[in-house]
Amino acid sequence: MAGIYVHIPFCKSRCYYCDFYTVTNLKLADSFFKALTFEISLRKKMLKNEKVETIYFGGGTPSLFTPERLQLIIDEIRSNFEIIDSPEITIELNPDDITPTYVRKLKATEINRVSLGIQAFYNYHLQLMNRRHKVFGALKSVESLKEEGFHNISIDLIYGLPEMTMVEWEKTLQKAVNMNIQHISAYHLTYEEGTVFDKLRKSGMLTPPSDEKSFIQFNTMVDHFEENGFIHYELSNFGRMGRFSKHNVSYWQNKPYLGIGPSAHSYDGKKRYWNVPDISKYIRIDKKSDDIQSEEILTETDRFNEYIMTGLRTYWGIDLNYIQRMYGQELSKAIETKLNSFVLSNHVREKEQKFYLTREGMFISDSIAAELFKEHVEQSSVE
Ligand code: SF4
């Protein structure tokens with residue numbers, strides 16, 4: 001089984017925290033659509049032995065494309081790949097693009113899962129991030145999606161905003177639950193190199209919350225969503241039973257995927273590929289298709305480290321028996337020793353040879369993962 005990701009790189013404006021590859025000039029949308037269609041047929045051999053079970057329109061802002069155009073892309077995928085019955089097909093929507101007509105037309109396509117970039121429930125938080133929608137519009141768009149019969153709705157939230165109070169965050173969590181949706185992704189604000197927020201932070205005009213405050217927000221969020229029936233199945237993701245994002249789960253379960261569009265990444269089990277993050281080059285794909293994709297072969301170390309990273313992030317955990325089977329007794333013993341040291345410090349818990357992050361561990365998952373990476377574990381076992 002495999003997934004296909006389609007990157008639509010257009011946005012009407014740029015959010016201050018975002019470092020995704022996007023362009024705000026929509027003039028190239030038609031040429032881009034032609035190039036995208038071309039790339040779909042160009043890549044048909046990449047998933048040749050796999051059935052496609054998920055398609056994901058991300059961006060950028062895929063909702064800047066009409067539902068008719070999105071369905072044409074799905075049709076093109078269908079004519080080049082084998083698709084399972086009832087695939088999960090997701091689109092990221094900007095609440096500002098959602099009108100009753102758009103929703104009605106969207107329902108007439110094969111898209112059956114929507115992910116709304118709501119991000120916050122206070123207009124001044126949205127303004128701070130330079131989001132183009134308002135809270136009222138976001139609430140209305142969820143209602144209109146539900147009325148039209150969408151039953152697999154996800155929203156995105158951002159926490160750790162500068163100056164955000166606990167009262168604001170608690171109300172945000174409650175409003176998210178009140179929406180009666182199936183899935184929530186919530187990310188701590190990060191300051192990516194080159195973004196407006198990064199510049200403001202470096203110039204001292206914006207102060208991130210302390211680690212302690214961020215941890216309290218994270219903890220409150222996990223408690224609140226779990227109390228309200230959501231399963232915390234990945235560090236930043238909460239879903240009702242049976243409503244996890246199948247597309248993202250397939251990334252975390254090491255399944256192959258194909259990325260179409262500028263900056264999109266692909267993986268076939270052995271190699272990673274990535275498309276050029278440049279729309280001007282991308283739209284010339286039919287002339288010089290070799291130019292737009294780079295690749296690297298994954299080493300055993302890369303694959304092991306990837307397993308550690310995703311195992312820690314998800315509620316499936318790190319399975320010692322799997323490590324022993326795939327990587328041998330020696331590495332399995334070394335990693336067990338290291339994991340047990342994190343059990344003692346209460347960052348990891350163990351159950352039947354599987355290891356999971358505790359809340360404290362979740363908050364510093366990257367530094368724990370780094371200590372469990374193959375190079376590090378082997379080095380420690382020599383010392
Ligand atoms: S709409 Fe999404 S992709 Fe576009 S700039 Fe904002 S966060 Fe980035």
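Residues numbered from 1 in each chain as written. Predicted model: local features only at pLDDT ≥ 70, side-chain atom pairs only at ≥ 80, totals over all residues. Heavy atoms only, no water.

Of regular secondary structure, the protein possesses 16 helices and 15 strands. Taking 383 residues into account, the globule formula puts the C-alpha radius of gyration at 21 Å, and the protein, at 21 Å, falls close to it. Its C-alpha atoms give the protein principal-axis dimensions of about 60 × 50 × 45 Å. Burial analysis of the protein (383 residues in total) assigns 53% to the buried set. Of the roughly 18100 Å² of accessible surface on the protein, 50% is carried by carbon and sulfur atoms. Charged side chains in the protein number 47 positive and 52 negative. The centres of these two groups are separated by 6 Å. (Helix = DSSP H or I, 4+ residues; strand = E, 2+ residues; numbered from the N terminus. Rg over C-alpha atoms; globule rule 2.2 N^0.38 Å. Buried < 20%, exposed > 50% of the residue type's maximum accessible area, 1.4 Å probe, protein only. Areas by Shrake-Rupley, 256 points an atom, 1.4 Å probe, with all protein chains shown as cover. Lys, Arg positive; Asp, Glu negative; His and termini not counted. Charge placed at Lys NZ, Arg CZ, Asp CG, Glu CD.)

Looking at the secondary structure, you find Ser 154 in strand β5 (residues 153-159). What makes Ser 154 buried here is its relative accessible area of 1%. Separated by 2.8 Å, the side chains of Ser 154 and His 183 make a polar contact. For Ser 154, the residues in contact, after removing those within four places along its chain, are Arg 113, Val 114, Ser 115, Leu 116, His 183, Ile 184 and Ser 185. (Polar contact = N/O pair within 3.5 Å; in protein donor to acceptor, adjacent residues only side chain to side chain. Contact = heavy atoms within 4.5 Å.)

Moving on, we get to the domain arrangement of the protein. Under the domain assignment, the protein is made up of domain 1 (2-251) and domain 2 (316-382). Distance from the C-alpha centre of domain 1 to the C-alpha centre of domain 2: 31 Å. Contacts between the two partners involve 13 residues from domain 1, matched on the other side by six residues from domain 2. Interface of domain 1 and domain 2: buried area, both sides summed, is about 820 Å²; carbon and sulfur atoms make up 73% of it. Interface area lost by domain 1 to domain 2 is led by Phe 215, Phe 218 and Leu 235, which between them contribute 50%. (Domains from an automatic or database assignment. Buried area = accessible area lost by both parts, 1.4 Å probe.)

This part is about the packing of helix α1 (residues 29-42) against helix α2 (residues 67-80). The N-to-C vectors of α1 and α2 enclose an angle of 20°; their axes lie 9 Å apart at closest approach. Taken as axis vectors, α1 and α2 run roughly parallel relative to one another. Seen from above, α1 lies across α2 with right-handed handedness. Only Arg 69, Leu 72, Ile 73, Glu 76, Ile 77 and Asn 80 of α2 make contact with α1, whose side of the interface consists of Ala 29, Asp 30, Phe 33, Leu 36, Thr 37, Ile 40 and Ser 41. Of the residues that constitute the contact of α1 with α2, the class distribution is seven nonpolar, three polar and three charged. (Axes fitted to C-alpha atoms, helices over the stretch in contact; angles between N-to-C directions. Parallel < 35°, antiparallel > 145°, perpendicular 65-115°, else oblique. Left-handed = near helix turned anticlockwise from the far one by under 90°. Nonpolar A, V, L, I, M, F, W, Y, C, P; charged D, E, K, R; others polar.)

Further remarks concern the packing of aromatic side chains. On inspection of all chains with the given rule, the structure shows 22 aromatic pairs. Here the aromatic rings of Phe 215 and Phe 363 are separated by 5.3 Å at their centres, their planes lie at 65°, and the arrangement is edge-to-face. Placement of Phe 215 in helix α8 (residues 211-227) and of Phe 363 in helix α14 (residues 359-363) is noted, with a sequence separation of 148 residues between them. Centroid distance Phe 225 to Phe 238: 5.0 Å. Interplanar angle 70°. Geometry classified as edge-to-face. Here the residue Phe 225 occupies a position in helix α8, and Phe 238 occupies one in strand β8 (residues 237-239), the gap between them amounting to 13 residues. (Phe/Tyr/Trp six-rings, centres within 6.5 Å; stacked < 30°, edge-to-face > 60°.)

Now for helix α5 (residues 135-147). Taking 1.5 Å as the rise per residue, α5 with 13 residues should run 18 Å; its terminal C-alpha atoms sit 19 Å apart, in good agreement. Of all the residues in α5, the buried ones are Val 135, Ala 138, Ser 141, Val 142, Ser 144 and Leu 145. If you follow the buried residues of α5, they end up packed against β3 (83-93), α3 (100-107), β4 (113-119), α4 (123-128) and β5. Directly beyond the C-terminal end of α5, a positive phi value near 105° is found at Gly 149. (Expected span 1.5 Å × (residues − 1).)

Of the residues making up α3, those classed as buried are Tyr 102, Val 103 and Leu 106. What you see down the axis of α3 is that its buried residues fit within an arc of 95°, all on one side. On its buried face, α3 is in contact with α2, β3, β4 and α5. (Arc of directions from axis to C-beta.)

Angle between the axes and distance between the axes: these two values describe a pair of packed helices. Between helix α6 (residues 166-178) and α8, the least distance of the axes is 10 Å, while the angle of their chain directions is 25°. By the angle between their axes, α6 is roughly parallel relative to α8. As α6 runs across α8, the sense of the crossing is right-handed. Counting all contacts with α6, which are made through Met 166, Trp 169, Glu 170, Leu 173, Gln 174, Ala 176 and Val 177, the residues of α8 involved are Ile 216, Gln 217, Thr 220, Met 221, His 224 and Phe 225. Taken together, the residues of the contact of α6 with α8 break down into eight nonpolar, four polar and one charged.

So, about the sheet that holds strand β15 (residues 354-357). The antiparallel open sheet is built from three strands, whose spatial order is β13-β15-β14. Among the strands making up the open sheet, the edge pair consists of β13 (318-319) and β14 (348-351). Note: β13 against β15, two bridges, orientation antiparallel. Residue pairing for β15: Asp 319 is matched across the bridge by Lys 354. (Pairing = 2+ DSSP bridges.)

Contacts to the ligand come from Cys 11, Ser 13, Arg 14, Cys 15, Tyr 17, Cys 18, Thr 22, Gly 59, Gly 60, Thr 61 and Arg 131. For the shell around the ligand, the residue count by class is four nonpolar, five polar and two charged. (Near = heavy atom within 4 Å.)

As a further point, take the pattern of salt bridges. Under the criterion given, the structure shown has 20 salt bridges. In this structure, Glu 110 and Arg 78 form a salt bridge, with 2.6 Å as the shortest nitrogen-oxygen distance. Here Glu 110 is found in the loop between α3 and β4, whereas its partner Arg 78 is found in helix α2, with 32 residues between them in sequence. Residue classification places Arg 78 among the partly exposed residues on the basis of a relative accessible area of 35%. Members of the salt-bridge network, linked through shared partners, are Glu 193, Asp 198, Arg 201 and Lys 202. (Salt bridge = Lys/Arg side-chain N within 4 Å of Asp/Glu carboxyl O.)

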